[in-house]
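The primary structure of each chain is shown beneath.
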Amino acid sequence: MQLRYNYRTYPDALQRCALARAFGCARVVWNDCLRDRKEAHAAGLPYVKSAELSRLRITQAKRTEERAWLADVSAVVLQQSLRDLDTAYKNLFDSCRGKRQGRRVGPPRYKSKKDTRQSIRLNTNAFSLKDDGTVYVAKIGNLKVTWSRPLPAVPTSLTVTKDSSGRYFLSFVVDTGPDILPVLETDTGIDLGLSAFAVLSDGRKIDSPRFLRRAEKKLKRLQRELSRKVKGSKNRAKARLKVARQHAKVANRRRDFHHKASTQIIRDNQAVYVEDLAVSGLGRTRLAKSVHDAGWSAFVHMLEYKAALHGRTFLKVGPAFPSSQVCSACGFRDGPKPLHVRQWTCRGCGAVHDRDHNAARNVLFEGRRIVAAGRAETLNACGAPVRRAPVPAQRGEAGSPRKGQTTQAGSPGHEAREHVKGQGRSPGGSPAEAPFPPAPGPAPAAAVPNARAGSAS
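Residues numbered from 1 in each chain as written. Predicted model: local features only at pLDDT ≥ 70, side-chain atom pairs only at ≥ 80, totals over all residues. Heavy atoms only, no water.

1. What to know about the pattern of salt bridges
Logical step 1: Throughout the structure, instances matching the rule amount to 20 salt bridges.
Logical step 2: With a closest N to O distance of 2.9 Å, aspartate 86 and arginine 37 form a salt bridge. Of the two residues, aspartate 86 is situated in helix α3 (residues 75-96) and arginine 37 in helix α1 (residues 13-42); the sequence distance between them amounts to 49 residues.
Logical step 3: Judged by relative accessible area, aspartate 86 falls into the partly exposed class, the value being 21%.
Logical step 4: The class of arginine 37 is buried, set by a relative accessible area of 3%.
Logical step 5: Between arginine 213 and glutamate 216 there is a salt bridge, with its nearest N and O atoms 3.6 Å apart. Highlighted residues: arginine 213 and glutamate 216, both in helix α4 (residues 211-227), separated by three residues, approximately one helical turn. (Salt bridge = Lys/Arg side-chain N within 4 Å of Asp/Glu carboxyl O. Helix = DSSP H or I, 4+ residues; strand = E, 2+ residues; numbered from the N terminus. Buried < 20%, exposed > 50% of the residue type's maximum accessible area, 1.4 Å probe, protein only.)

So, in structure tokens, the structure goes:
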């Protein structure tokens, strides 16, 4: 399993100049090689191999007068830039042939020196960890690093990044084994929304902190100041940096909230089921800003890789599953409902449902049904794959944005509850307790390491 660990680094003035040269050389090699392949394709010539590009655009280019400065940076940086271009083309070809899942990948594009985000990638030949806590990077020097946590293993690659706010980061890729947590007898279904960020099947709610909305007033002021500056002036560059730093703060707060909430959910439950929302489609509606502010995709991705890391079962329920139309008590399908309907009474059994809580329970039942049907393998206590016996379950869709008051309540566990209350408290308000008691249910499936690993928790 591969995990990525990011750390903040603080290069001095000379090291920042060396990093700028490395960013520029990697960008030039990328653009030169990309131009050769585009011209060959336009002329009807065969695909230019990487070995030929390496000889022409790196080895021989260093001996010319106009590209002699390529020798000022490590050769690993230039070779890795060419490998990244090869990876981009491979993703394009696999996507065209149907070998790559997800959205169709577009062709590689030229990189600009005006991009506010620059990066280089290195292998183990061009960097090393020192005993004094610094990281040596070839032809750059020893970089000071803020180690928020130790690396679990020796890193296999390093990416040095400068973001739009002028910060520098070191990103290590580490090969590590799973960290299996003790087996529990609880599972949960999660319904994602806007007013309530997540509603769990036991009735607990995680309030939506709305980090972007809370920072909008300051962002509007900074953006107005930026728009008044003359293009190309130093004052405009300073104003742009202020806007970028404010957006970075918003992104950091949202990421921290996602990590704490997802970690607590994974620790408290043996199996986690969540609806696979079409976020890209919702991001094109009138609710686009609120949808992107919530960050559902990043949160679900964290749940997925943390479940694989800690030996938990994780399953996405299909977006076509009508979780908000089905009664979680009797299974009667009551049909679609407008978004303003937050509570409804089942015409089959007369039960009164909160829309989000009912959807979360239906996601839980559908997840259990899929696991019990054998479409998701689990592991027993000895680590052997098993398939569970059938478990009765009901059918049922994720909740929708709620207009009006915000529901504030705790998240699973004391630590996450305190964090969510502190981040999501509205001015002058106090968080309310979840209106539904924990719902009993059958024991969940055992762990299944079927999620891909992502960035480090």
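There's plenty left to go through after this.
2. A closer look at a positive patch on the surface
Logical step 1: On the surface, a cluster of positive charge is made up of Arg214, Lys218, Arg245, Lys249 and Arg253.
Logical step 2: Counting only elements with at least two residues in the positive patch, the list comes to α4 and α5 (234-268).
Logical step 3: Sorting elements by how many residues they give to the positive patch places α5 first, with three residues.
Logical step 4: With respect to the helices and strands, arginine 214 occurs in helix α4. (Patch = residues over 30% accessible without salt bridge, like charges linked within 9 Å, V, L, I, M, F, W, Y side chains within 5 Å. Areas by Shrake-Rupley, 256 points an atom, 1.4 Å probe, with all protein chains shown as cover. Lys, Arg positive; Asp, Glu negative; His and termini not counted. Charge placed at Lys NZ, Arg CZ, Asp CG, Glu CD.)

3. Digging into the sheet that holds strand β13 (residues 313-317)
Logical step 1: Strand order across the open sheet formed by five strands is β11-β10-β9-β12-β13, with mixed pairing between neighbours. At either margin of the open sheet sits one strand with a lone partner, and together these are β11 (205-207) and β13. For this sheet, the mean angle separating the axes of adjacent strands, direction not counted, is 20°.
Logical step 2: Note that strand β12 (residues 271-275) and β13 share five bridges and pair parallel. Considered in β13, the bridge of valine 274 is made with lysine 316.
Logical step 3: Against the sheet, α5 touches β9 (187-192), β10 (196-200), β11 and β12, its axis set at about 170° to β11.
Logical step 4: Relative to β13, helix α8 (residues 296-310) is tilted by about 145°, and along the sheet it contacts β9, β10, β12 and β13. (Pairing = 2+ DSSP bridges. Axes fitted to C-alpha atoms, helices over the stretch in contact; angles between N-to-C directions. Contact = heavy atoms within 4.5 Å.)

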